[in-house]
Amino acid sequence: MAGKIVTNRSTGSFDFELVEGDPDQLRTVVASPNQISPWIDPATIKLRQRIGRGPFGDVWLATQHQATEDYAEYHEVVVKMMPPIKEDNIKVVLDKFNDLFSKCQGLKGVCWLHGISIISGKVSIVMKFYEGSVGDKMGRLKGGKLSLHNILRYGIELAQGIMELHSKDFLVLNLKPSNFLLTENDGAVLGDLGIPYVLLGIPLPNSDMARRLGTPNYMAPEQWKPEVRGPISFESDSWGFGCSIVEMFTGIQPWCGKSVDEIYNIVVKKQEKPQIPSGLPPAVENVILGCFEFDFRSRPVMADILHAFKSSQDAVLRDGVWTGVTSRTLVDKSSGSGYTEWFLSKDHLQVGDTVRSRKPPNLCKLENMGIPEGIVVGLDCDPDPTGFVLVRVHGIHDPIRVHVSTLERVTFGLAPGDWVRLKEEDKKHSPVGILHSIRRDGNVAVGFIGGETLWKGNSSELQMAESYCVGQFLRLKPNVFSPRFEWPRKHGGEWATGRIHQILPNGCLLVKFPGILTFGNENDNFLADPAEVEAVSFNSCAGVIKKYQHLEDFHWAVRPLLIALGLFTAMKVGLFVGKKMGRSKVKKRNHAVIPCDVQHADGQNSGNAAWLHPKMANMFRETTSR
């Protein structure tokens with residue numbers, strides 16, 4: 001074979017063309033390397049200059065050298081050097097990357113991965129070099145804003161790339177404009193593929209990195225300590241995608257100028273959302289608003305986002321009205337169901353499914369269920385998952401036409417949102433959690449405290465658990481001496497009773513203690529493991545004293561108010577009794593004067609005849625007259 005090597009940059013640095021044959025009759029053969037392992041010899045990598053630094057390591061521009069007996073060449077590459085990882089965990093990271101590398105081969109919407117190496121003692125990912133990013137393009141524009149046409153085009157390409165990764169069970173977790181790389185044709189692909197996901201569960205030396213996964217300005221609430229506030233899921237990427245799109249529209253980074261701790265307080269504690277600009281195409285505005293739901297189960301998935309962007313691609317704003325917009329019929333938000341359209345559209349009903357009435361959120365039990373249990377026997381012609389179905393209910397002759405939003409599918413006695421307990425407890429996480437999904441074959445996904453991702457198994461491994469809802473009062477069980485989370489005590493040393501303020505997707509309970517007075521920055525929010533607590537009510541409080549103590553749990557002002565009320569009542573009673581006694585004495589005196597016709601004189605009135613016996617008074621009168 002005679003000829004030369006020509007780099008084919010359009011398909012990646014490791015794709016090349018072999019030019020064979022007579023120089024006058026050249027024939028091009030396209031060949032791709034058959035890499036069994038993603039490992040790259042570090043000796044072939046030559047670092048040139050650092051071009052970036054992020055929370056997950058430094059980015060270097062480098063060259064990879066390849067040499068054989070016939071030729072020698074080099075490729076321009078980018079090397080992402082991860083933070084230091086303990087030697088015991090390096091193999092785990094390499095195994096995870098190997099899985100990522102093998103599954104990402106051939107994906108169009110993601111950057112080209114060459115492989116992985118260890119350079120200067122750090123795990124390093126080698127990727128194709130791209131000339132720029134969406135973030136770079138924004139930096140060159142006045143105001144940093146992109147046009148609607150480019151935002152929709154990039155959004156479609158990126159949503160498709162994210163969907164590709166999600167189909168392989170990988171999360172990105174670090175979506176931002178600087179990680180949206182631009183190809184030679186001005187197309188957008190995902191860069192920095194799944195690096196936070198590869199490092200998930202790996203102990204990191206930096207404590208700040210250990211508590212978060214991603215870049216703070218674009219992180220979903222569950223990405224901050226996912227084992228406590230998680231788990232992370234595909235919808236975690238929806239939040240980062242929404243932040244990126246808002247930045248493309250406004251030219252301003254979400255939470256710009258805020259520190260990491262400030263962003264944590266804003267997003268996690270205060271549960272604030274990034275501000276989206278007004279005047280967007282309706283479908284885009286609707287889906288971006290959905291991306292910022294605090295509970296990830298209420299956010300749209302990438303398929304919903306892709307649909308919204310495609311439906312708005314031909315949108316034109318004329319005289320304040322959008323034209324050329326097509327979108328599916330959305331669930332009427334005024335229906336009062338309490339669920340977002342994205343939550344309701346995640347499970348499509350089929351003929352033969354067992355269903356029951358869907359209980360409103362934060363309600364433990366549903367009384368007077370319209371459909372306690374029924375079988376779907378017909379669907380509307382419209383494939384929209386927010387339409388109507390026909391349900392046959394036992395005891396009713398004709399099927400009932402019911403809106404899908406009012407029903408939930410029951411499989412093996414379980415439905416998404418049910419509280420469940422593992423039959424065989426795992427010490428790594430709480431045994432009680434919330435069911436997120438159940439497939440028709442019985443496979444389930446459950447959120448547990450202590451699990452950074454959804455636990456996956458079979459419904460046979462679960463049993464129903466006691467359910468909790470917002471507003472319930474809780475206390476620690478008597479056998480819990482060292483709870484998973486901090487729990488306040490009363491003045492006497494007894495565990496305090498709190499009230500559920502919010503329930504996180506993994507069943508973690510956010511509890512407030514209205515019976516305890518707090519000052520200043522004192523913490524008034526506490527977390528609780530549902531496996532360690534029990535519900536408290538007046539019915540469960542034995543005796544008057546316990547019932548009164550439970551009354552004090554409603555608000556810290558109950559005791560001083562009752563004390564003040566008691567003092568006021570005592571004063572009123574005292575005054576009333578005093579008046580009654582005074583009136584009684586006066587009556588007794590008057591009663592004594594009338595029959596005896598005698599009055600006792602005091603020192604001042606001893607000379608007054610009116611107070612003397614009549615005979616004595618006459619004697620004084622006679623003496624005076626003389």
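All of the points below concern the structure found in this document. The residue numbering used here restarts from 1 in each chain and proceeds along that chain's sequence as written. Totals for whole chains, interfaces and linings use all residues, but because this is a predicted model, local features are given only for residues with pLDDT of at least 70 and pairs of side-chain atoms are given and counted only at 80 or more. Each side-chain value is worked out from all heavy atoms of the structure, with water and hydrogens disregarded.

So, about the nonpolar core. Working definition of a nonpolar core: buried Ala, Val, Leu, Ile, Met, Phe, Trp, Tyr and Cys residues. They are joined through side-chain atoms within 4.5 Å. Buried residues are those whose accessible area, probed at 1.4 Å on protein chains only, stays under 20% of the maximum for their type, while exposed residues exceed 50% and partly exposed ones sit between those limits. Counting 78 residues, the largest nonpolar core has Leu113, Leu165, Leu190, Phe241, Met248, Ile288 and Phe309 as the members making the most contacts within it. No other element matches helix H3 (residues 148-167), which puts eight residues into this core. Note on contacts: a residue pair qualifies if any of its non-hydrogen atoms lie within 4.5 Å across the two residues. Among all residues touching Ile288, those that are not within four sequence positions of it are Gly242, Ile245, Val246, Ile276 and Phe309. Membership of the second largest hydrophobic core comes to 20 residues, among which are Ala496, Ile500, Phe513 and Phe526. Labels follow the DSSP assignment, with helices taken as runs of H or I lasting at least four residues and strands as runs of E lasting at least two, numbered in each case from the N terminus.

A separate point is a positive patch on the surface. Patch definition: residues with relative accessible area over 30% and no salt bridge; like charges joined within 9 Å; nonpolar side chains (Val, Leu, Ile, Met, Phe, Trp, Tyr) joined within 5 Å. In these tables, accessible area is a Shrake-Rupley quantity obtained with a 1.4 Å probe, and a residue counts as shielded only by the protein chains included in the view. Just to be clear on terms, a salt bridge is a Lys or Arg side-chain nitrogen sitting within 4 Å of an Asp or Glu carboxyl oxygen. Under this rule, positive means Lys or Arg and negative means Asp or Glu; His and the chain ends count for nothing. Note on charges: their place is set at NZ of Lys, CZ of Arg, CG of Asp or CD of Glu. A surface patch of like charges, here positive, comprises Lys572, Lys579, Lys580 and Arg583. Relative to the helices and strands, Lys572 resides in helix H13 (residues 558-596). Look at Lys572 and you get partly exposed, because its relative accessible area is 49%.

Within this structure, the stated rule accounts for 20 salt bridges. The salt bridge partner of Arg50 is Asp58, with a shortest N-O separation of 3.6 Å. According to the relative accessible area criterion, Arg50 is partly exposed, its value standing at 42%. We note a salt bridge from Lys91 to Asp95, for which the minimum N-O separation is 2.9 Å. One end of the pair, Lys91, and the other, Asp95, are both in helix H1 (residues 87-104), four residues apart, so they sit about a helical turn from each other.

Any two strands are treated as partners once DSSP identifies two or more bridges connecting them. One ladder, built from two bridges, connects strand S14 (residues 354-357) with strand S15 (residues 374-379); its direction is antiparallel. If you follow Thr354 over to S15, its bridge partner there is Ile375. Across three bridges, S14 lies against strand S18 (residues 407-409) in antiparallel orientation. From the neighbouring strand, Arg356 faces S18, where its bridge partner is Glu408.

For the rest of this paragraph, the subject is empty space enclosed by the protein. Space inside and on the surface of the protein is sampled on a 1 Å grid over the protein atoms alone, with a cavity defined as a set of points where a 1.4 Å probe fits but cannot get out and a pocket as an open set with protein on both sides within 12 Å along at least 5 of 7 lines; lining residues have an atom within 4 Å of a point. Grid points are joined across faces, edges and corners, and a volume is the space filled by probe spheres set on the points. On inspection of all chains with the given rule, the structure shows three cavities of 30 Å³ or more. For the largest cavity, the calculated volume is near 60 Å³. What lines the largest cavity is Pro221, Glu222, Arg229, Phe294, Asp295, Phe296, Leu504 and Pro505. Residues were grouped as follows: Ala, Val, Leu, Ile, Met, Phe, Trp, Tyr, Cys and Pro as nonpolar; Asp, Glu, Lys and Arg as charged; and all remaining residues, including Gly, as polar. Looking at the lining of the largest cavity residue by residue, the class counts come to five nonpolar, no polar and three charged. Volume-wise, the second largest cavity comes out at about 50 Å³. In terms of residue class, the lining of the second largest cavity is built from six nonpolar, one polar and no charged.

This paragraph deals with helix H9 (residues 282-291). When you tally the buried positions in H9, you get seven out of 10 residues, the bulk of the element. For H9, every residue scored as buried is listed here: Ala283, Val284, Asn286, Val287, Ile288, Gly290 and Cys291. On its buried face, H9 is in contact with H3, helix H7 (234-250), helix H10 (302-311) and helix H11 (341-344).

Take the sheet that holds S14 next. Spatial ordering of the open sheet is given by S17-S16-S15-S14-S18, a layout of five strands whose pairing is antiparallel. Every other strand in the sheet has two partners, leaving strand S17 (400-403) and S18 as the edge strands with one partner each. With strand direction ignored, the average angle separating the axes of adjacent strands in the sheet is 50°. Note that strand S16 (residues 388-393) and S17 share four bridges and pair antiparallel. Axis lines are fitted through C-alpha atoms, for helices just across the contact stretch, and the angle between N-to-C directions can take any value from 0 to 180 degrees.

Take a nonpolar patch on the surface next. On the surface, a nonpolar cluster with roughly 590 Å² of combined accessible area is contributed by Phe538, Tyr548, Leu551, Phe554, Leu562, Leu565 and Phe568. Listed by contribution, the elements that provide at least two residues to the nonpolar patch are helix H12 (543-552) and H13. In terms of residue count, the dominant contributor to the nonpolar patch is H13 (three residues). Position of Phe554 among the secondary structure elements: in the loop between H12 and H13.

Think of an α-helix as 3.6 residues a turn; residues three or four steps apart then line up on the same face. In terms of burial, H10 is a largely internal element, seven of the 10 residues being buried. Buried residues of H10: Met302, Asp304, Ile305, Leu306, Ala308, Phe309 and Ser311, and no others.

Turning our attention to the packing of aromatic side chains. What counts as a ring pair is set by centres within 6.5 Å for rings of Phe, Tyr and Trp (its six-membered ring), and what kind of pair is set by the plane angle: stacked under 30 degrees, edge-to-face over 60, tilted for all other angles. Scanning the model with the defined rule gives 10 aromatic pairs in all. Centroid distance Tyr339 to Phe343: 4.7 Å. Interplanar angle 25°. Geometry classified as stacked. Each ring, one from Trp487 and one from Phe513, has its centre 5.1 Å from the other, and the planes form 90°; the classification is edge-to-face. One end of the pair, Trp487, is in the loop between strand S24 (473-476) and strand S25 (498-503); the other, Phe513, is in the loop between strand S26 (509-512) and strand S27 (525-528), and 26 residues separate them in sequence. Neither residue differs from the other here; Trp487 and Phe513 are each classed as buried. Each residue in the set Trp487, Phe513 and Phe526 is aromatic and connected to the rest through ring pairs, giving one cluster. A cation over a ring is seen here: Arg401 above Phe388, with NZ or CZ 4.0 Å from the ring centre. Our definition puts a charge over a ring when NZ of Lys or CZ of Arg is within 6 Å of the ring centre and also within 35 degrees of the ring normal.

Okay, the pairing of S24 next. Bridge count for S24 against S25 is two bridges, and the pairing is antiparallel. Within S25, the residue paired with Phe473 across the bridge is Arg499. Looking at chain direction, S24 and strand S28 (residues 533-536) are connected through four bridges and run antiparallel. Residue pairing in the sheet places Leu474 in a bridge with Ala535 of S28.

Here we take up the packing of H3 against H10. Contact pair H3 / H10: the axes reach a minimum separation of 9 Å and the direction vectors enclose 160°. Put simply, H3 runs roughly antiparallel to H10. Seen from above, H3 lies across H10 with left-handed handedness. Judged by residue contacts, Ile151, Leu152, Gly155, Ile156, Ala159, Gln160, Ile162, Met163 and His166 of H3 engage Met302, Ala303, Leu306, Phe309 and Lys310 from H10. In the contact of H3 with H10, the residues fall into 10 nonpolar, three polar and one charged. Throughout this description, any angle smaller than 35 degrees is read as roughly parallel, any larger than 145 degrees as roughly antiparallel, any in the 65 to 115 degree range as roughly perpendicular, and the remainder as oblique. Each crossing is labelled by how the near helix is turned from the far one, with a counterclockwise turn of less than a right angle marking it left-handed and a clockwise turn marking it right-handed.

Locating Phe388 in the fold gives a position in strand S16. Classification of Phe388 by relative accessible area gives partly exposed; the value is 28%. For Phe388 and Thr406, which are 18 residues apart along the polypeptide, the C-alpha to C-alpha distance reads 9.7 Å.

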